[in-house]
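Residue strings, one per chain:
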Amino acid sequence: MNVFQAYKSKITDVLGTLGLPDGMDFSRVTVEPPRDASHGDMATNAAMVLAKQAGQNPRQLGEAICEKLKASNDVKEASVAGPGFVNFRLSDSAWADVVRDILQSGTAYGQSDLGKGIKVNIEYVSANPTGPMHAGHVRGAVIGDVLAGLMAKAGYDVTREYYFNDAGAQVDVLARTTHLRYREALGESIEIPEGMYPGEYLKDVGNSLADRDGDKWVGKDEAEWIDPVRTFAVDYLIEEIKKDLALIGIKHDVFTNEREIVENGTLADSFKKLEDLGLIYQGTLPPPKGKEMSDWEPVELTLFRSSNFGDSTDRPLKKRDGTWAYIMPDIAYHYDKVHRGFDILINCLGKDHGGYLERMRPAVKAFSNKAQLDVIFNGIVKILKNGEPVKLSKRSGNLITLREMVEEVGAGAVRFFMLARTPDSELEFDFTKAVEQSKDNPVFYVQYAHARCHSVLRNAKEALPDLDTSEKALVAADLSVLKTDDDLALVRVLANWPRVVEAAAEAREPHRISTYLQEVAAAFHSFWSKGRDDDSLRFIMPDNKPLSLARLALVQAMATVIASGLGVMGVEPVEEM
RNA sequence: GUCUCCGUAGCUCAGCUGGAUAGAGCACCGGUUUCCUAAACCGGGUGUCGCAGGUUCAAGUCCUGCCGGAGACGCCA
């Protein structure tokens, strides 16, 4: 249950009883927590938004809303402030209901039906199988995975997908390098020429191929071995990638590859579809602007009228030699996704793929007037150790692998840090900070709050042996005794979780979960410390069992929300540290 | 040249998709442990929210233009 949603419909009901003109537009009415808690528990802009339509002044309309609200049992007080905000406070029992709802829902609290019936495909990672996962892949992987979890929690029907290219020139290079490593495994002395993959990891692939096939592919023409070697290398590396991803808890529902798209006829179908729509023609493009191209010459090509759909230019689908240009398989792949019935397609890509959306969106629009394509671009990650940048160089094969990151700092910290900032910003990942046990480390800070909650619950059993503190007893407790500002401050933070889930899902900004959890942790640590000075603000009070029980319920709710948030982020909550 | 994103405190960044007096952390100064984890908390902020217009009851948030930064723009993948 989202209390803000609940009170929004209450406000709507109230508005209905005020004798306002028919057919008013309530869509801009919001019910939110005010920025400053001293204003009240909730605030609505209804009076200001509707004043003009209703032909009343905002404060007058606000007063009318207040009167009606006050008549309700769950509203303690209501007043008009500033230009016409209606601020109101909930009764203690209304807040008690929120806590009880959290306890009853468990970590399912925060779920929403916002995306009910909407099919979403989130494509992320999608690294080509040419090597192990490394630091450069991790951020997009985590963002995609958490976005998937987030949207699932917001009620969307989510498919997690991985697309890889196993048919281009890049993969042929992989096959040739693998063949060299294979010969090496059989005792030849080899050298990896410029332009091939220098990484040591291909030795394993070569060894493995030698184990399976012996000298079967030695001394043969490339034409004979390239297909089987390519397939072998791709299969091997995809399995390695899956293992790497599993280390940070990422598992895709669907893997799709380019070869499949070509071989099962999807590519041909999608091209025919574009032809049928009259979007294919033979023509000549003007030279690309803003870039010197000495070798450019006009030539007639098979073009897609992508400019009909907002692209800045039409795009060639075939090269001058008649083979498919690289975007054609991608277009076909999106055609396939549209046909699988997705309403929303989301791709998580690095910022260096900047032009991708502009090129792919026209195709999606051509295939469907319903499906919507979004791309989340993530900025680069700078890897630091002790504040010093660590160089990432793919060429030399000297790169930080995902495996190393997880081994050094743990999966939870890797995931949490990757969500520390808005996706498109640059991000620093400091190995030293990620393992630091201090407030400076957000993972630690949030985990510590969760562990402290459980510590309280454990201690309560000993300190209050004759009190039933089982989950059942907590749910049944009289929670209306939670009425100090400090208690309610915690409840208010917890009540926000469903809003955060919805807003973050809609904005496609998984990092908001991380920001929110830090708020929750701060609120908890703060309350905790107050108990040191003021005995009446402790959780466990042998002299006041009813309040203790209610406070324990609050602590349980706190732990639940943190666990729920960490769950969305794919981080395992710890109960002790 | 065109397009996208960014510009908020000394530093790193949030800012709930238009709300009230713009917030955290770091750094700096000071305080808090006979007591549920001090791995924490509390107090200390004179910010042209890049600049200039516009939209509105209300703009850091939306629109236009400019300045500054990053990235993307080939029949390459």
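Computed from a prediction, not measured in an experiment: that's the story for all the values here. (Residues numbered from 1 in each chain as written. Chains lettered and ligands numbered in written order. Predicted model: local features only at pLDDT ≥ 70, side-chain atom pairs only at ≥ 80, totals over all residues. Heavy atoms only, no water.)

Novice: I'm lost on the overall build of chain A in this one. Help?
Specialist: A tally of regular secondary structure across chain A gives 21 helices and 15 strands. Each principal axis of the C-alpha distribution contributes one length, and for chain A these read about 85 × 60 × 40 Å. The burial tally for chain A puts 50% of its 577 residues in the buried class. Residue pairs in contact within chain A that sit at least 24 positions apart in sequence constitute 72% of those at least 6 positions apart. Looking at chain A as shown, the accessible area adds up to about 26,800 Å², and 47% of this sits on carbon and sulfur atoms. (Helix = DSSP H or I, 4+ residues; strand = E, 2+ residues; numbered from the N terminus. Buried < 20%, exposed > 50% of the residue type's maximum accessible area, 1.4 Å probe, protein only. Contact = heavy atoms within 4.5 Å. Areas by Shrake-Rupley, 256 points an atom, 1.4 Å probe, with all protein chains shown as cover.)

Novice: I tried to follow the side chain of E123 on my own but got confused; where do I start?
Specialist: With respect to the helices and strands, E123 occurs in strand β5 (residues 119–123). One polar contact links E123 to K337, side chain to side chain, over a distance of 2.9 Å. (Polar contact = N/O pair within 3.5 Å; in protein donor to acceptor, adjacent residues only side chain to side chain.)

Novice: Before we go on, may I ask you to explain the pairing of strand β9 (residues 300–304) in this structure?
Specialist: Every regular strand shows the same layout, with side chains that alternate between the two sheet faces. For β9, a buried count of four out of five residues is recorded, marking the element as mostly surrounded by other parts of the structure. Note that strand β8 (residues 280–284) and β9 share five bridges and pair antiparallel. Within β9, the residue paired with Q282 across the bridge is T302. Judged from the two bridges that link them, β9 and strand β10 (residues 315–316) form a sheet pairing that is antiparallel. Across the sheet, the residue bridging to F304 is R315, located in β10. (Pairing = 2+ DSSP bridges.)

Novice: How should the packing of aromatic side chains be read in this particular structure?
Specialist: In this description, an aromatic ring pair is defined by two values, namely the gap between the centres and the angle between the planes. As enumerated under the stated definition, the model contains 15 aromatic pairs in all. Summarising the aromatic geometry, the rings of F417 and F429 are spaced 5.8 Å apart at their centres and angled 80 degrees between planes, so their arrangement reads as edge-to-face. Separated by 12 residues along the polypeptide, F417 in helix α14 (residues 411–418) and F429 in strand β15 (residues 427–430) bring together distant segments of the chain. Exposure remark for F417: the relative accessible area of 9% places this residue in the buried category. A relative accessible area of 0% places F429 in the buried class. Taken together, the ring pairs in this structure connect F524, F527, W528 and F539 into an aromatic cluster. The ring of F342 carries the charged tip of K119 above its face, separated from the ring centre by 4.9 Å. (Phe/Tyr/Trp six-rings, centres within 6.5 Å; stacked < 30°, edge-to-face > 60°. Lys NZ or Arg CZ within 6 Å of the ring centre and 35° of its normal.)

Novice: Sorry, what's going on with the sheet that holds strand β2 (residues 42–44) here?
Specialist: To summarise the sheet geometry, strands pair through backbone hydrogen bonds and adopt either a parallel or an antiparallel arrangement. Read from one edge of the open sheet, four strands run β1-β2-β4-β3, paired in antiparallel fashion. Of all the strands in the sheet, the pair left with one neighbour each is β1 (31–32) and β3 (75–81). Across six bridges, the pairing between β3 and strand β4 (residues 85–90) is antiparallel. Bridge pairing in β4 links A81 to F85. Contacts from helix α3 (residues 58–70) reach β3 and β4, with the element oriented near 175 degrees to β3. (Axes fitted to C-alpha atoms, helices over the stretch in contact; angles between N-to-C directions.)

Novice: Would you mind going over the environment of G62 with me for this structure?
Specialist: Tracing the backbone shows G62 in helix α3. Residue G62 is classed as buried on the basis of its relative accessible area of 0%. With 14 residues separating them along the chain, G62 and M48 place their C-alpha atoms 8.0 Å apart. Ignoring any residue separated from it by four or fewer positions in sequence, one finds G62 in contact with A47, V80 and V86.

Novice: I would appreciate a short explanation of the nonpolar core in the present structure.
Specialist: Nonpolar side chains in soluble globular proteins tend to end up buried together. Membership of the largest hydrophobic core comes to 150 residues, with the highest contact counts inside it found for F88, I122, M405 and F429. When residues of this core are assigned to their parent elements, the largest contribution, 15 residues, is made by helix α21 (residues 545–569). Residue contributions to this core reach at least three from each of two domains, namely domain 1 (3–90) and domain 2 (438–569). Not counting chain neighbours up to four residues away, the residues in contact with I122 comprise G144, L147, A148, M151, V158, T159, R160, E161, I346 and C348. (Core = buried A, V, L, I, M, F, W, Y, C linked by side-chain atoms within 4.5 Å. Domains from an automatic or database assignment.)

Novice: Would you mind going over the domain arrangement of chain A with me for this structure?
Specialist: The extent of an interface is frequently quoted as the accessible surface area lost upon association of the parts. On domain assignment, one finds that chain A holds domain 1 (3–90) and domain 2 (438–569). For domain 1 versus domain 2, the distance between C-alpha centres works out to 30 Å. On the side of domain 2, five residues touch domain 1, which itself brings eight residues to the contact. Taking both sides of the interface into account, the surface hidden between domain 1 and domain 2 amounts to around 510 Å²; carbon and sulfur atoms contribute 51%. (Buried area = accessible area lost by both parts, 1.4 Å probe.)

Novice: How do you make sense of the protein's contact with RNA strand B when you look at a structure like this?
Specialist: Contacts to RNA strand B come from 69 residues, most closely from V299, Y326, T422, Q437 and R532. Near-protein atoms of RNA strand B (within 4 Å) split between backbone and bases, with sugar and phosphate holding 56%. At 2.9 Å from a base oxygen of RNA strand B is found a side-chain nitrogen or oxygen belonging to R499. Mapped onto the surface near RNA strand B, the elements with two or more residues apiece are α2 (46–54), β4, α16 (442–463), α19 (497–507) and α20 (511–533). In terms of residue count, α20 provides more of the surface near RNA strand B than any other element does, 10 residues in total. Residue composition of the surface near RNA strand B, grouped by class: 24 nonpolar, 19 polar and 26 charged. (Near = heavy atom within 4 Å. Nonpolar A, V, L, I, M, F, W, Y, C, P; charged D, E, K, R; others polar.)

Novice: I'm lost on the side chain of N347 in this one. Help?
Specialist: Structurally, N347 can be placed in strand β11 (residues 344–350). We classify N347 as buried; its relative accessible area is 1%. In terms of polar contacts, N347 uses its side chain to reach the side chain of K337, at 3.4 Å. Residues within four places of N347 in sequence aside, it is in contact with E123, H334, K337, Y356, L373, D374, V375 and I376.

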